[in-house]
Amino acid sequence: MDGKREFSLYVHVPFCRSKCPYCAFYSFRPRSGEVERWTDCIVKELAAIRHGYLDDAQLATVYFGGGTPSYLPLEQWRTLFKALDALPRSPDCEFTVEANPDSVSTEKLALWNDHGVTRISLGVQSLDDDELKRLARPHTSRQALDAVELCQQSGFRVSADLMFALPGQTLRKWHKSLSGIVRTGVGHISVYQLTIEPESFWGSHQPEGLPDGYAMYRWAQYYLPRKGLKQYEIASFAREGRESRHNLAYWRRTSVLAAGPGAWGFLDGRRFAHHKDLAAWAEAVESGVSPVAYEERQTGTREASEAAVLALRTAEGIDCKAFARRYGRPYLDAIVSKVRQMPSSYFCRTQRGFSLSPRGMRVGNAIWCELLEIGEGERQS
Ligand code: SF4
């Protein structure tokens with residue numbers, strides 16, 4: 001780092017080949033002209049970001065998420081890179097693109113390589129073909145493994161997403177997916193429990209045979225570190241030095257710029273989100289007005305309790321001195337006093353403070369609720 005202010009940038013690509021039944025993300029199959037309109041508007045947003053924030057600053061991380069960014073045709077990527085290449089990036093900028101196994105190609109990988117993409121986050125989800133069919137994923141386990149290999153051979157760092165607690169899934173099948181991915185040598189694995197979101201198709205047509213995910217998560221916590229992938233966040237495991245710096249920016253509450261419909265950002269204590277509607281977002285961008293549809297500025301206990309929850313997602317946990325300096329000693333005391341009311345086995349000491357133990361990570365949601373209550377108390381008073 002050369003002393004310049006640094007930002008992260010999140011770009012939301014809302015397009016997918018088809019909609020998965022469990023998905024509640026802002027994503028859909030595009031209609032004619034929508035991909036081109038989205039691309040033109042992103043180019044405008046990137047130019048505005050360039051002039052608004054990056055005159056004397058640079059990007060430390062860039063993340064294309066979705067949706068399925070790899071679904072964008074080569075032509076759109078070429079247009080995007082013309083705008084992206086004009087944004088100053090730090091020499092070791094981490095640039096991640098989310099991809100699905102059925103839409104990575106040698107040509108796309110070569111183009112991404114030429115323009116500084118360093119990392120690919122692959123939506124593998126499972127290495128069991130029956131599970132993939134049930135999830136209505138448009139790829140097979142063979143395609144997933146081939147995609148991992150192709151990305152690795154093209155020189156990218158690869159992260160694989162896997163899902164557990166799937167309909168009909170057993171611990172044995174979960175282990176097969178985990179061990180199959182570990183054997184590929186990927187440096188990063190994210191594990192997500194299937195949750196039935198009310199807005200998803202499965203929200204109104206619940207699948208049968210949903211297992212309890214607790215034992216599966218526990219197995220991942222036991223197995224992956226033994227294979228060299230340390231748990232550094234509640235859902236993330238990485239080999240040394242392969243942690244996602246972009247995700248760490250969210251958990252550490254550093255500045256994140258946003259582009260695209262439904263994209264979230266965080267700047268100077270203000271969290272904001274763009275219109276979660278392609279047309280509304282595009283109209284705003286095309287007419288030169290802000291596409292922000294929601295924002296909140298957190299202060300006091302609410303800000304501190306959110307910061308505590310985000311920090312406790314990570315193995316770093318809370319650095320007590322730094323926390324007190326940034327949010328105030330009384331807020332740290334309030335959090336510590338709440339933590340003392342919970343079982344001590346949920347926490348462990350770190351050099352600079354405390355973090356969740358593996359057991360605590362397994363009941364993370366209940367711990368977040370307790371901590372956020374501190375902030376809720378302030379809102380009601
Ligand atoms: S590919 Fe990903 S973003 Fe697209 S519908 Fe499926 S889960 Fe959602």
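Bear in mind that the values here come from a model prediction, so they are computed numbers and not experimental data.

J.: Can you walk me through the overall build of the protein chain in this structure?
T.: Counting secondary structure elements, the protein chain contains 15 helices and 15 strands. Taking 2.2 N^0.38 as the reference for a compact globule, 381 residues should give roughly 21 Å; the C-alpha atoms of the protein chain span a radius of gyration of 21 Å, in line with that estimate. Taken along the three principal axes of its C-alpha coordinates, the protein chain extends 55 × 50 × 45 Å. Across the 381 residues in the protein chain, those meeting the buried criterion constitute 40%. When contacts within the protein chain are restricted to residue pairs at least 6 apart in sequence, long-range pairs at least 24 apart make up 72% of them.

J.: Can you walk me through unusual backbone geometry in this structure?
T.: Both trends apply: most residues other than glycine have a negative phi, and most peptide bonds are in trans. Between Gly-66 and the following residue, Gly-67, the backbone shows a cis peptide bond with an omega angle of 25 degrees. Among the secondary structure elements, Gly-67 is positioned in the loop between β2 (57–66) and α2 (74–84). With phi around 55 degrees, Ala-136 is a residue other than glycine that occupies positive phi space. Its location among the elements puts Ala-136 in the loop between α4 (129–134) and α5 (141–153). On the basis of neighbour count, Ala-136 is assigned to the partly exposed category, with 13 C-beta atoms found within 10 Å. Phi angles above zero are rare outside glycine, and Arg-253 is one such case at about 60 degrees. Turning to its location among the elements, Arg-253 is positioned in the loop between α9 (245–251) and β9 (256–259). Overall, Arg-253 belongs to the partly exposed group, with 18 C-beta atoms counted inside 10 Å.

J.: What exactly am I supposed to notice about the site of the ligand here?
T.: Taken together, Cys-16, Lys-19, Cys-20, Cys-23, Phe-25, Ser-27, Gly-66, Gly-67, Thr-68, Asn-100 and Gly-123 are the residues near the ligand. When the residues that make up the shell around the ligand are grouped by side-chain class, the tally is four nonpolar, six polar and one charged.

Rules behind the numbers
Residues numbered from 1 in each chain as written. Predicted model: local features only at pLDDT ≥ 70, side-chain atom pairs only at ≥ 80, totals over all residues. Helix = DSSP H or I, 4+ residues; strand = E, 2+ residues; numbered from the N terminus. Rg over C-alpha atoms; globule rule 2.2 N^0.38 Å. Buried ≥ 20, exposed ≤ 12 C-beta atoms within 10 Å, placed from the backbone. Contact = placed C-beta atoms within 7 Å. Near = placed C-beta within 6 Å. Nonpolar A, V, L, I, M, F, W, Y, C, P; charged D, E, K, R; others polar.

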